[in-house]
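Survey of secondary and tertiary structure
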There are 4 protein chains.
Amino acid sequence: MARFESLTLSELPNGIWRTRFPVRFGSCDPAGIVYTPEYLNLFNGVIEDWYGDALGLPYHELVGTRRTGLGYAHVSADFATPSRMGDVLDVAVIVRDIGRSSVKLTVHAFKDGTECVRATFVTVTTSLVDHKSIALPDDVRLALKNYQAGYEEPAGAASTSPRYGPSSLPA
Amino acid sequence: MARFESLTLSELPNGIWRTRFPVRFGSCDPAGIVYTPEYLNLFNGVIEDWYGDALGLPYHELVGTRRTGLGYAHVSADFATPSRMGDVLDVAVIVRDIGRSSVKLTVHAFKDGTECVRATFVTVTTSLVDHKSIALPDDVRLALKNYQAGYEEPAGAASTSPRYGPSSLPA
Amino acid sequence: MARFESLTLSELPNGIWRTRFPVRFGSCDPAGIVYTPEYLNLFNGVIEDWYGDALGLPYHELVGTRRTGLGYAHVSADFATPSRMGDVLDVAVIVRDIGRSSVKLTVHAFKDGTECVRATFVTVTTSLVDHKSIALPDDVRLALKNYQAGYEEPAGAASTSPRYGPSSLPA
Amino acid sequence: MARFESLTLSELPNGIWRTRFPVRFGSCDPAGIVYTPEYLNLFNGVIEDWYGDALGLPYHELVGTRRTGLGYAHVSADFATPSRMGDVLDVAVIVRDIGRSSVKLTVHAFKDGTECVRATFVTVTTSLVDHKSIALPDDVRLALKNYQAGYEEPAGAASTSPRYGPSSLPA
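What counts, and where the lines are drawn
Residues numbered from 1 in each chain as written. Chains lettered and ligands numbered in written order. Predicted model: local features only at pLDDT ≥ 70, side-chain atom pairs only at ≥ 80, totals over all residues. Heavy atoms only, no water. Helix = DSSP H or I, 4+ residues; strand = E, 2+ residues; numbered from the N terminus. Buried < 20%, exposed > 50% of the residue type's maximum accessible area, 1.4 Å probe, protein only. Contact = heavy atoms within 4.5 Å. Areas by Shrake-Rupley, 256 points an atom, 1.4 Å probe, with all protein chains shown as cover. Least-squares fit on C-alpha atoms with pLDDT ≥ 70 in both. Core = buried A, V, L, I, M, F, W, Y, C linked by side-chain atoms within 4.5 Å. Buried area = accessible area lost by both parts, 1.4 Å probe. Salt bridge = Lys/Arg side-chain N within 4 Å of Asp/Glu carboxyl O. Polar contact = N/O pair within 3.5 Å; in protein donor to acceptor, adjacent residues only side chain to side chain. Axes fitted to C-alpha atoms, helices over the stretch in contact; angles between N-to-C directions. Parallel < 35°, antiparallel > 145°, perpendicular 65-115°, else oblique. Nonpolar A, V, L, I, M, F, W, Y, C, P; charged D, E, K, R; others polar. Expected span 1.5 Å × (residues − 1). Arc of directions from axis to C-beta. pLDDT = per-residue confidence, 0-100. Phe/Tyr/Trp six-rings, centres within 6.5 Å; stacked < 30°, edge-to-face > 60°.

Each helix and strand in chain A was counted, giving three helices and five strands. Taken from the N to the C terminus, the helices and strands of chain A come in the order β-α-α-β-β-β-β-α. Among the 171 residues that make up chain A, the fraction classed as buried is 56%. Sequence-distant contacts in chain A: of pairs separated by 6 or more residues, those separated by 24 or more amount to 66%. Carbon and sulfur atoms make up 49% of the accessible area of chain A, which totals about 7,000 Å².

Spelled out as structure tokens, the structure:
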């Protein structure tokens, strides 16, 4: 049924930042599972934490102090298995594409070590003063590239198709 | 920038159900625009209203009384222009595909008559008793087909590529 | 159990503005009833609609254009009976107290004509430029007083304890 | 302005459980501060964590497995100072009153060590099978009393008005 082949948590390279949180009552719907829009809210929070913890660029400074908008041009999510109250999710963030003014991230949620939800977020950087698109700030671009470098296989590795490079991880 | 070519509200056939609501304060984020995950929440409410108003099948009876789960296997949304507090959105629902146990809907939000957000929801019908996939109930399938028939061009029309049939509307 | 004596919808004076909405799936929790914090979100939306519809002062103009903050110094809610998906709520807003820079409102939700939730919101007007408290703008004060006058008993009425005046409605 | 005298974090006894979290973008409104209803959502999550971490009774087991409803008969919150994106809140839970089928908790949020929000939640235990009120389960009552005992002053202490007993902490 799922539109993606589930990864396992153990096959993620160490350099990929991850976080962990329990599924709480308030995130669940009358079917007893996470309410679909709430996944995107939870993942938005994960991305925010990732900016500060993995990139060293606190989200509130980018958005609040520097007035750099990190809004989305596209979001999507595919669901393999539902999550219930009390489940604990591990969630990892992978950088897929860095454009002139956009960044494509995938967010992977794992339950008991197997991927249960995969989401894609395409951010477009804007000025929050006039809401016009702006180029990705240099320090953000550098931090994104450094993050990627931390989990991609080294250039000199034997493999010509690096398993976790942007072009090899499942789209 | 947008991944879709915006429709205009006036070109939607009359048979397509639509609703209208204002963008409220509580739906907006510190950037002053609708918080992305909240769009999915708002659209989920639109789909719920559509089940009752357009299909004649109140959502709470399907999910509550009949214990038929209408959870999502996939959601996605593309954003052409942001919406601010006080904007009024017209939102329309189109049935794209009816499978054995799945339904693909697109939700189109219009601001000042021009499409600003387009979302896709793929529902999978499940039993809420054992959370297993079940075939789309007959009355739901019939209602979906009747709804589609209400805005598709009649079979005898001259055109061989009906503009608003499931295969011709923008994917 | 309830901390208030439930009103009935029919005993509300005509001058009191009211709105109506269904309880949707996304507002409910795994217990199948409205998630408590969501009531406050729904009521915040009701108050926002009331500013525009009953007072003639669109909320987004006050908060957005005029940068007048309408934040809360206090909120509370008491719950007599739970509301389920598919229930339809009538909700009314009453002005209780108008201070120099604060307004006290009560929000009353009715299910099948009987009050099921009563909430109190104390708004403090602030400048959103420097987040300092400011006096209630004159037009807001006037609109609030006019709204009150619309449902309070006329001054010449026999009763010395008007049933729907600020001091006589249930606290 | 505030309706309570702010505590400081350092004066809380050690036995009082506390947690800490950052204020995220998605919790904030167009005024740039935490959206009021979201405080109650955040605090509901805090209470849920507290059930598992401080009482040893995972919330999802009580509500999910045992079908014991922990819904609210009353909630209220008073706000002394607003919280912005990037602020870090320390939040503590105190048990105020244990009734036959109800529990009164206060939740205290601190910013930079000073209390900025105080909320009260009155839970009524119900059966989620028939939604009728039930007595507080024995293990829940015991865990609540043990929690209280962990921060109240010993009976033999000199003071006759224990500072952190249920009757002495600020109401």
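Next comes the rest of the description.
A few words on the relation of the copies chain C and chain D. Superposing chain C onto chain D requires a rotation of 180° together with a translation of 0.0 Å along the rotation axis, leaving an RMSD of 0.0 Å. Taken together, these values place the two copies in the relation of a two-fold axis. Considering only C-alpha atoms, the part of chain C nearest the rotation axis is S76(C), at 1.9 Å. Taken as a fraction of all interface residues of chain C, those also at the interface in chain D reach 100%, which identifies the copy contact as same-surface.

Counting residues in hydrophobic clusters, the biggest one holds 217 residues, and the most contacted among them are W50(A), W50(B), W50(C) and W50(D). In terms of residues, this core owes the most to one element, helix 1 (residues 36–53) of chain D, which gives eight residues.

Let us look at the interface of chain C and chain D. Across the boundary between the two partners, chain C contributes 24 residues, which contact 24 residues of chain D. Contact between chain C and chain D buries roughly 2,200 Å² in total, counting both sides, with carbon and sulfur atoms accounting for 59%. At the junction of chain C and chain D, the tally comes to zero salt bridges. The tally of links from chain C across to chain D stands at eleven residue pairs in polar contact (both at pLDDT 80 or more). In terms of residue count, strand 2 (residues 68–79) of chain C provides more of the side of chain C that touches chain D than any other element does, eight residues in total.

Interhelical geometry of helix 1 (residues 36–53) of chain A versus helix 1 (residues 36–53) of chain B gives an angle of 175° and a closest axis separation of 8 Å. In terms of orientation, helix 1 of chain A and helix 1 of chain B fall into the roughly antiparallel class. Of helix 1 of chain B, the residues touching helix 1 of chain A (which contributes P37(A), L40(A), N41(A) and N44(A)) are P37(B), L40(B), N41(B) and N44(B). Per-class residue counts for the contact of helix 1 of chain A with helix 1 of chain B are four nonpolar, four polar and no charged.

Take the relation of the copies chain B and chain A next. Of the transformation placing chain B onto chain A, the axial shift is 0.0 Å and the rotation is 180°, giving an RMSD of 0.0 Å. When the interface residues of chain B are mapped onto chain A, 100% of them are again interface residues, pointing to one common binding face.

This part takes up the pattern of salt bridges. With the rule as written, the count across this model stands at 24 salt bridges over all chains. As a salt-bridge pair, D49(D) and R24(A) come within 2.7 Å of each other at their nearest N and O atoms. Of the two residues, D49(D) is situated in helix 1 and R24(A) in the loop between strand 1 (18–22) and helix 1; the pairing between them involves two chains. Taking the shortest distance from any N to any O, the salt bridge between R20(B) and D90(B) comes out at 3.0 Å. Remark: D90(B) occurs in strand 3 (residues 88–98) and R20(B) occurs in strand 1 (residues 18–22); sequence separation between them is 70 residues. You can call D90(B) buried: its relative accessible area is 9%.

This brings us to helix 3 (residues 138–149) of chain C. Residue and element names in this part refer to chain C. Between the first and last C-alpha of helix 3 there are 16 Å, a value that for twelve residues agrees with the 16 Å anticipated at 1.5 Å per step. Buried residues of helix 3: V140, A143, L144, Y147 and Q148, and no others. Projected down its long axis, helix 3 carries its buried residues within an arc of 135°, all on one side. Of the exposed residues in helix 3, the ones pointing more than 90 degrees away from its buried face are D138, L142 and A149. Check the buried side of helix 3 and you find it contacts helix 1 (36–53), helix 2 (59–65), strand 3 (88–98) and strand 4 (102–111).

This part is about the confidence of the model for chain A. All names here are of chain A. Confidence in the prediction for chain A averages 90 pLDDT; 88% of positions are at 70 or higher. Contacts for the low-pLDDT stretch residues 155–171, under 50 throughout, to residues beyond four places or in other chains number 22 contacts. Across the assembled chains, the prediction reports ipTM 0.89 with pTM 0.91.

With that settled, consider the environment of T123(A). Residues and elements named next belong to chain A. For T123, the location among the structural elements is in strand 5 (residues 114–127). Judged by its relative accessible area of 3%, T123 is buried. Separated by 25 residues in sequence, T123 and I98 place their C-alpha atoms 9.8 Å apart. Not counting the four nearest positions on each side in its chain, T123 is found in contact with L70, G71, Y72, S101, S102 and V103.

Attention now goes to the packing of aromatic side chains. Following the criterion strictly, the structure yields 36 aromatic pairs over all chains and no others. Measuring from ring centre to ring centre gives 5.0 Å for Y72(A) and F121(A), while their planes differ by 55°; the resulting arrangement is tilted. With Y72(A) in strand 2 (residues 68–79) and F121(A) in strand 5, the pair connects residues that are 49 residues apart, well separated along the chain. A residue is classified by how much of its surface remains accessible, and Y72(A), at 10% relative accessible area, is buried. Taking the centre distance of 5.3 Å and the plane angle of 75° together, the rings of W50(C) and Y51(C) count as edge-to-face. The pair formed by W50(C) and Y51(C) is uniform in burial state, with each residue classed as buried. Through successive ring pairs, a cluster of aromatic residues spans F25(A), Y35(C), W50(D), Y51(D), Y59(D), Y147(D) and Y151(D).

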